[in-house]
Amino acid sequence: MATEAEIAPSHHHDEPDPNANYLIASKGVWSWLTTLDHKRIGVMYLISVTLAFFMGGMFALLIRLELLTPGRTIMGAATYNRVFTLHGAIMVFLFIIPSIPAAMGNFILPIMLGAKDVAFPRLNLMSFYIYVIGAIFCLFSIVSGAVDTGWTFYTPYSTTSSSSVVSMTLGVFILGFSSILTGLNFIVTIHKLRAPGMHWRRLPLFVWGMYATSVIQVLATPVLAITLALLAMEKVLGLGIFDASLGGDPVLFQHFFWFYSHPAVYIMIVPGMAIVSELFATFSRRAVFGYFAIAMSSLGLALLGFLVWGHHMFTSGQSEFSTMVFSGLTMLVAIPSGVKVFNWTATLYKGSIWLTTPMLYALSFLVLFTIGGLTGLFLGTLSVDIHLHDTYFVVAHFHYVMMGGTVMGFLGGLLYWWPKITGKLYNEPAAKVSWGFIFVGFNAVFIAQFIMGSRGMPRRYYDYVPEFRPYHAFSTYGSWVLAVGFFILAGVLIQSLLKGAKSPPNPWGSAGFEWNTSSPPIYSNFAETPVITRGPYDYHEATEEELFDGFPEDFKKTES
Amino acid sequence: MSSATTTEETHAAGGHGHGSKYPFLAHHFDTPAHQFDSAKLGMWIFIATEILMFGGLFVAYGLFRGQEQEMFHQAHERLDKIMGAVNTVVLLFSSLTAALAVRQSQVGDRKGTTRWLIITLLCACIFLVVKFFEYQHKFHDGLLPGHYFTAHLAQHAHHGHVLPYRAHMFFALYFMMTGLHGVHVLIGMGVLTWALRRNLNGKISKQYFTPIEIGALYWHLVDLVWIYLFPLLYLVG
């Protein structure tokens, strides 16, 4: 296969036919591995993050299975510590942070802008390989003893733990650079590669969300990098900066860590919001209500995300004054979040709602994110947090945001753009069934955790008193329902890849610009640079042809 | 790094679009100026990332210096101010020569560009050599971070004055900050060498000097960080 691409005369391997469908524009595994096409890089990311999600999900099932009964169920305490750490670390660093930006952002963002590619295609490929190298370090850590510190790597435990902390932190350090370079690429792309007529007030909300996310990636991730470098040095050289016995300060690690990891929460959720903004518009058949407010609230979240890290440390010995300030700032986060939720709801009002599976995921996002967000206010309230911190209430809260929010957005976006990415339709009724399992399973897992957390069940504990048994058991049964949902979804997608009907350019009848090219898009995205004359949600200005046929001439070119 | 991306596109652009007019123009840009602006914006954003990365160390420095001012004052006297000052002058001068290289590339003077780039790289080497001798001296005296700090064992034999308790914290910060900066000097040298190679290969012209420009931009960052490190570490008193 590889040789085929190499010996092809006059065709340099990265110079495929610009008018051929991107999947077949050049052939062979080598042409994929060395591609500079943002769409192929997006697909490679999609495959990688799906594998990571599968792995993280398996660890989640193991955690739940172990907690089915008090005491030992299937594994010992030391193994359990490793399993929950790996679940967290893999889900955060290998799945959720690159999931929407690197996989879907890479594929969709340049098309939405009417660009041929991202600003720096080579850098884009490089950031994918940096991701792969980082992932290899993480895998090495897993096979060489794994990590038992929790994904937060708190000192002093992480500096004294004999588990494989250094290779895991190195892996995360490397993954960080992948994230930074993707963010950098997107910022320049959005500033410089918008098609004629695509001014800032016409940017799709997905692009606004990616812009806010990229700013956080560029400004917060380097702080994680230096923190983890210091942690590794602490372990290797006994540096002392985080070691109280040498005059250092372990709480400084927490400050540094959360200075990244709180903004990272917005790296995770803002892209989810970005996707559902698109979904609400398409499946309500109307202009997004409060377009500019939603766009600005993404930037608002990016800004506030940098100011609230201290709310992770209310009980870590911060001064009372700091906790008050951080608590107050944390409450402010509710404003941009509320702006979004209310504007989405207003978008639904009097829209012609089409309940496709992506729309079901968008509606799930609306409900679950609202629950996750409001419980965040409980935790941001100082007196309540004293009771709730480090309980399952916190676990349920951030899973409602991360999974109920980001993963629902991810799945909605995946199904929504699936016909665009693969050129194939999927089985809609079966996808709806899988949504039902996922939605019910998810709520079963985490509502039980809200209740037991509020009653004092601490997080990360291996064992528990029998009073918590019913909640844990209920949560574990829920995890099985959830797993069934994901397996059905995997079946639906595989069936679509193998036997799915061919998708028209615009199967959802959306006014979004990414649908104005063939499915799958041609190598250079558009036959000619498009000139944008309306906003992405202006259904009243879109022609019938744009809404239901896409651009047929592009489509025909792909066919021939 | 972003520069590599844009400029290496040259052959990819060959087949389609405006490739024939500007061989260096990548297919997704409209004009050379468009491509240049994008590369420059990319480098500025990368510089923002770098500053935040050093930011973590500066915060740690500020925190511990606030807690142990006296210790910092006494420990910093073990650094060699002369060597530090020489390095500061060398780096400042190299920033000037980097800027001159950019200027020469903009007016299409290939030889001049090469000359200034080589001088910049030589300055970088001088900086690293001086740094090497400084480090060697610290290693010899046991002025090392954390558990490796052994200066207190030998200090009576040496200067006579006793280093305060926890002086190893100062050297932990010293080695982390100058070490990370040293890594950046190496990266900067790599970027400049790559720019020099492109210049020698005749890829640089009046229309296309992006590698020189953004290489120099990165080099100014390396210089800038040192301008803060020198007074904070060597001139604390």
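How each quantity is defined
- Residues numbered from 1 in each chain as written.
- Chains lettered and ligands numbered in written order.
- Predicted model: local features only at pLDDT ≥ 70, side-chain atom pairs only at ≥ 80, totals over all residues.
- Domains from an automatic or database assignment.
- Contact = placed C-beta atoms within 7 Å.
- Helix = DSSP H or I, 4+ residues; strand = E, 2+ residues; numbered from the N terminus.
- Nonpolar A, V, L, I, M, F, W, Y, C, P; charged D, E, K, R; others polar.
- Core = buried A, V, L, I, M, F, W, Y, C linked by C-beta atoms within 7 Å.
- Buried ≥ 20, exposed ≤ 12 C-beta atoms within 10 Å, placed from the backbone.

### Topic: the domain arrangement of chain A
Residue and element names in this part refer to chain A. Examined at the domain level, chain A breaks down into domain 1 (35-276) and domain 2 (504-560). Summarising the inter-unit geometry, the C-alpha centres of domain 1 and domain 2 are found 33 Å apart. Between domain 1 and domain 2, the residue contacts involve 14 residues of the former and 16 residues of the latter. Here the element with the most residues in the side of domain 1 that touches domain 2 is helix α4 (residues 77-113); it accounts for four residues. Classifying every residue of the side of domain 1 that touches domain 2 gives eight nonpolar, two polar and four charged.

### Considerations on unusual backbone geometry
Residue and element names in this part refer to chain A. Here the bond from T155 into P156 is cis, since omega is 0°, no more than 30 degrees from zero. If you trace the backbone, P156 turns up in the loop between α5 (121-143) and α6 (157-160). The omega torsion across S519 and P520 is -10°, close enough to zero to call that bond cis. The topology assignment puts P520 in the loop between α17 (469-499) and α18 (544-548). With phi around 70°, R460 is a residue other than glycine that occupies positive phi space. Note on placement: R460 falls in the loop between α16 (428-454) and α17.

### Things to note about the interface of chain A and chain B
Listed as interface residues are 39 residues of chain A and, on the opposing side, 38 residues of chain B. Contributions of two or more residues to the side of chain A that touches chain B are made by α5, α7 (165-192), α8 (205-237) and α9 (250-284) of chain A. No other element matches α8 of chain A, which puts 10 residues into the side of chain A that touches chain B. Among the residues forming the side of chain A that touches chain B, the class breakdown is 26 nonpolar, seven polar and six charged.

### A short note on the nonpolar core
Counting 242 residues, the largest nonpolar core has I90, I187, V207 and V270 of chain A together with F170, F171 and L173 of chain B as its most contacted members. Take this core: its biggest share by element is 23 residues, from α4 of chain A. Look past the residues within four positions of F171 of chain B in its chain and what remains in contact with it is A75, L143, L144, P145 and F149 of chain B.

### Focus: the environment of S479 of chain A
All names here are of chain A. With respect to the secondary-structure elements, S479 resides in helix α17. With 415 residues separating them in the primary sequence, S479 and R64 have C-alpha atoms 7.1 Å apart. Excluding residues that lie within four positions of it along the chain, S479 makes contacts with A60, L61, R64, G441 and V445.

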